[in-house]
2 protein chains.
Amino acid sequence: MNWMESARRIQEDLEGLSAFTATPGQGCTRLPFTPETRAAADFLLKKMEEAGLETWQDPAGNLFGLLPGRNREKPCILCGSHYDSVPGGGNYDGIAGVVCAIELARVLREEGITPDADYLAAAFMDEEGCRFGSGYFGSKAVLGRLEPGEAGRLTDEEGITLARAMERYGLKAGELPKAAWPKGRIGHFLEIHIEQGPVLDGQKKELGVVEGIVGLRRYRVAVNGRADHAGTTPMDMRSDAVEMAARVIAQVGDMAREAGGSTVATVGQVNTRAGAVNIVARSLEFSLDIRSLQNEVLEEIPARIRRRLQEETEKTGGSFTMEETLRIQPVELSRPMRKILEESCRERGHSWMALPSGAGHDALSMGQQVDTAMLFVPSRAGRSHCPEEYTPPEAFGRAVQVMKDLIVRL
Amino acid sequence: MNWMESARRIQEDLEGLSAFTATPGQGCTRLPFTPETRAAADFLLKKMEEAGLETWQDPAGNLFGLLPGRNREKPCILCGSHYDSVPGGGNYDGIAGVVCAIELARVLREEGITPDADYLAAAFMDEEGCRFGSGYFGSKAVLGRLEPGEAGRLTDEEGITLARAMERYGLKAGELPKAAWPKGRIGHFLEIHIEQGPVLDGQKKELGVVEGIVGLRRYRVAVNGRADHAGTTPMDMRSDAVEMAARVIAQVGDMAREAGGSTVATVGQVNTRAGAVNIVARSLEFSLDIRSLQNEVLEEIPARIRRRLQEETEKTGGSFTMEETLRIQPVELSRPMRKILEESCRERGHSWMALPSGAGHDALSMGQQVDTAMLFVPSRAGRSHCPEEYTPPEAFGRAVQVMKDLIVRL
């Protein structure tokens, strides 16, 4: 099997899918349970059928294409990603992993390989969470992790509930529990995804073996001082929210650098609400986003920031609040599967590196219950969630080869 | 003369004047060339007449009350402040200095003192600049420093020009040049004003002898980095506008502390426009307000900040702009007059201290051309430009005594 042919077919499929967007000419906008998603689903089901797979759509809108294995009773191998996109996104995030999973089935059949267990190409509904504010909808449905009533509670910007959107799409929210697979039925989950970051492209690596998916802590921090006249209040009589906060914010990056490894920490929003050029700031709010593969780092950095805020505000009689708004545990991906992926890269002569995933993926959701492996392909200049998103088709061809080796050796 | 009687009369006048506000119950709002200002002007002219002064309004809306001196040819002594207010301000800022100047004339007459030169109580129009965005209007008119055409160019929020507002008020912008006094005609300018800061109240001083009025530099700073995914971009591949800016902002206060003396530096507004919790900030804007009596400090601190911004942005390939938006030179007040004021405080047993003024005043404007002295009275808790503004009447009584001593000794 010529892997360049594989790359060509993947490119052709991705080009076909790029038509299914609500914003032609302005990137891919494929929100869950919309006509664009329906069109993409029909396209994918047709591609799966052409690849000789047995296809179906589950009650959550997930799509599956089955290639039966030698041992039908053995826990199956699921391979795929999501087929929704962010608004104004690119043509690769998610959907490329679905296309690769279908290509993988084609390659297996063409090479006359019958996997030991059932192989299924999977296309998950609504990983991004951009319409209903949640996310991982399809993979949670497969794992039986959707909360009862969730579909009736979540609404989009126009006030349409997820349940109503499903109904218009031809699905019934009441049947969502039927999307859950029996426990133990899925033996492995495999995902190919663009990196969405600059590391592989910057280091000129063809593939990335994902070590784990970082955990996340998010906070809203408010530092409170006292409003005073900027001209008439001596420096030693101030309780300046900007100064107190800046002294701590200036250190956040170094805390992440000291923790090393995969750790990143970001203050993305800083605002002195109602601040004025000639008034000492009464309050400053900032956001904090900390990610790491190591749970202890996710505990330690917020604790250090809290201590520093305490020190700075105590000096001047100020105060602060630090409210946690999101907490996701890190997931370590399967070590034995990572070893096989790495061996395959070496044998095939692909340049590769191990790296963490700083973004969430279906693999994060599936990895909560299922033995999971993930391959990254390079994102040009690290760009993602924008129309400039690009990965060369050869990269996907290589990823499919390496995933095939994993399936054969499992 | 019983100085408690002086305090009582000042309090009575201030209470009378507190009625002339556009926002009853929500502080004093007396913007220039409004019915409130007209009513306050009529009240002040009546008080001046009752004090036996010869009164007039000049073409700028400034009010004067003359007590002739022994030597009518000698350069006169002008004493006063402004009678406009900020929106929702207090009952003391500016107007208390006018009331004190009138009380001073009463005291001189009651005590049978005829000053050597003419004494004039003065009430300046529009020091705050809150309606037409300028300020020091009345004092600039007296000094002949208004720009030609200024009244036709400046507009308020409703688009009404200063010239039109004057016309409705019964004045003619074309006659503004007639408000200018002949050069050398004003020998001294004296001003009593609330401190608008916490120093005298905090140090329990009854009076403050103002050493000078600080100069000012204001800047708008923008720090520019690169927007990146907060999860997938390693710390060493970022150009984070928040981190670069915070490292500099955190040091601004210490630069002022190192300069010492009167120097203050304030970052009152900080904003990541279009920032997001999960995106490395592309840009951050902040305001910078630096004040000092020392011109070299006003040059040095912005230069240091510029160098630090250069260093921080160079590290990551970021950039910055730092635009000067305001520049006012510091004014040193008359040393001989300060010495007389200090002697008077000592002789009368008033506790006092020398201090700079961190806010601008009519004395800043007048001090550009005229030998000027200024006395501060304590502001409770340093509050100003708000309805909570308060200074006990005794403080004004003391200030009038001390100013009287100065006039006698001049």
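All residue numbers refer to positions counted from 1 along the written sequence of the respective chain. Think of it this way: whatever chain is written first is A, whatever ligand is written first is 1, and the rest follow in order. Since the coordinates come from a predicted model, pLDDT governs what is reported: local features require at least 70, and pairs of side-chain atoms require 80 or more to be given and counted, while whole-chain, interface and lining totals use all residues. Each side-chain value is worked out from all heavy atoms of the structure, with water and hydrogens disregarded.

## As for the pattern of salt bridges
How we decide: Salt bridge, as used here, is a side-chain nitrogen of Lys or Arg placed within 4 Å of a carboxyl oxygen of Asp or Glu. Note on conventions: DSSP H or I runs of at least 4 residues are helices, E runs of at least 2 residues are strands, and numbering of each starts at the N terminus. A 1.4 Å probe rolled over the protein chains alone gives each residue an accessible area, and that area as a share of the maximum for its type sets the label: buried under 20%, exposed over 50%, partly exposed in between.
Here the structure, examined in full by the defined rule, presents 88 salt bridges over all chains. Linking Arg247(B) and Asp254(A) is a salt bridge whose minimum nitrogen-to-oxygen distance equals 3.5 Å. Placement of Arg247(B) in helix H8 (residues 241–259) and of Asp254(A) in helix H8 (residues 241–259) is noted, with the two residues assigned to different chains. Ionic pairing is found between Glu50(B) and Lys46(B), a salt bridge with its closest N-O pair at 3.4 Å. Taken together, the positions of Glu50(B) and Lys46(B), both in helix H2 (residues 35–50) and 4 residues apart, correspond to about one turn of that helix. Here Glu50(B) falls in the exposed class, since its relative accessible area comes to 52%. Salt bridges here are not isolated pairs; linked through shared partners, they connect Arg9(A), Asp13(A), Lys46(A), Lys47(A), Glu50(A), Glu103(A), Arg106(A) and Glu110(A).

## Observations concerning helix H10 (residues 335–348) of chain A
All names here are of chain A. For clarity, the threshold we go by: Given the number of residues in a helix, its expected span is that number minus one, multiplied by 1.5 Å. Residues are treated as being in contact if the distance between any of their heavy atoms lies within 4.5 Å. Two N or O atoms count as a polar contact when they lie within 3.5 Å, although within protein this holds only if one can serve as hydrogen donor and the other as acceptor, and sequence-adjacent residues are included solely when both atoms are side-chain atoms.
Compared with an ideal rise of 1.5 Å per residue, which puts 14 residues at 20 Å, H10 spans 20 Å between its outermost C-alpha atoms and is within 8% of the ideal. Inspection of H10 places Met337, Arg338, Ile340, Leu341, Glu342, Ser344 and Cys345 among the buried residues, and these make up the whole buried set. Along its buried surface, H10 packs onto strand S5 (186–194), strand S6 (207–213), strand S14 (331–332), strand S15 (352–357), strand S16 (371–377) and helix H12 (393–409). By the N-cap criterion, in which a side-chain oxygen at the helix start approaches the backbone nitrogen of a residue two or three places on, H10 is capped by Ser334, the distance to Met337 being 3.1 Å.

## Things to note about the domain arrangement of chain A
All names here are of chain A. Here is the rule: These domain boundaries are the output of an automatic or database domain assignment. Accessible surface is computed with a 1.4 Å probe, and the buried area is the amount of it that two parts give up when combined, taken over both parts together.
Partitioning chain A into structural domains gives domain 1 (3–213 + 330–409) and domain 2 (215–328). Distance from the C-alpha centre of domain 1 to the C-alpha centre of domain 2: 37 Å. Each partner contributes residues to the interface: domain 1 has 9 residues there, and domain 2 has 8 residues. Surface buried jointly by domain 1 and domain 2 totals about 560 Å² across both partners, of which 72% is contributed by carbon and sulfur atoms. Per-residue buried area on domain 1 facing domain 2 is highest for Pro330, Pro356 and Gly358; these three make up 68% of the total on that side. Run the count over domain 1 and domain 2 and you get 0 salt bridges. On the surface where domain 1 and domain 2 come into contact, there are 1 residue pair in polar contact (both at pLDDT 80 or more). Residue contributions to the side of domain 1 that touches domain 2 peak at 3 residues, all from S6.

## Observations concerning the environment of Val98(A)
Residues and elements named next belong to chain A. On the secondary structure map, Val98 appears in helix H3 (residues 95–110). Each C-alpha atom, one on Val98 and one on Arg217, is 29 Å from the other, the two residues being 119 residues apart in sequence. If we skip the residues at most four places from it in the chain, Val98 touches Leu44, Ser81, His82, Tyr83, Ala122 and Ala123.

## A closer look at empty space enclosed by the protein
The cut-off we apply is this: With a 1 Å grid spanning the protein atoms alone, the term cavity applies to any set of points in which a 1.4 Å probe fits but cannot get out, the term pocket to an open set with protein on both sides within 12 Å along at least five of seven lines, and the term lining residue to any residue with an atom within 4 Å of a point. Grid points are joined across faces, edges and corners, and a volume is the space filled by probe spheres set on the points. Gly falls in the polar group here, along with every residue not listed as nonpolar (Ala, Val, Leu, Ile, Met, Phe, Trp, Tyr, Cys, Pro) or charged (Asp, Glu, Lys, Arg).
One pass over the full model with this rule turns up 4 cavities of 30 Å³ or more. There is about 70 Å³ of room inside the largest cavity. Contributions of two or more residues to the lining of the largest cavity are made by H8 of chain A together with H8 of chain B. A breakdown of the residues in the lining of the largest cavity according to their chemical character gives 12 nonpolar, no polar and no charged. The computed volume of the second largest cavity comes to approximately 60 Å³. Around the second largest cavity sit Ile249(A), Val252(A), Gly253(A), Ala265(A), Thr266(A), Val267(A), Met235(B), Asp240(B), Val242(B) and Glu243(B), which together line it. Elements with a minimum of two residues in the lining of the second largest cavity: H8 and strand S9 (264–266) of chain A together with H8 of chain B. Per element, the largest residue contribution to the lining of the second largest cavity is 3 residues, and it comes from H8(A).

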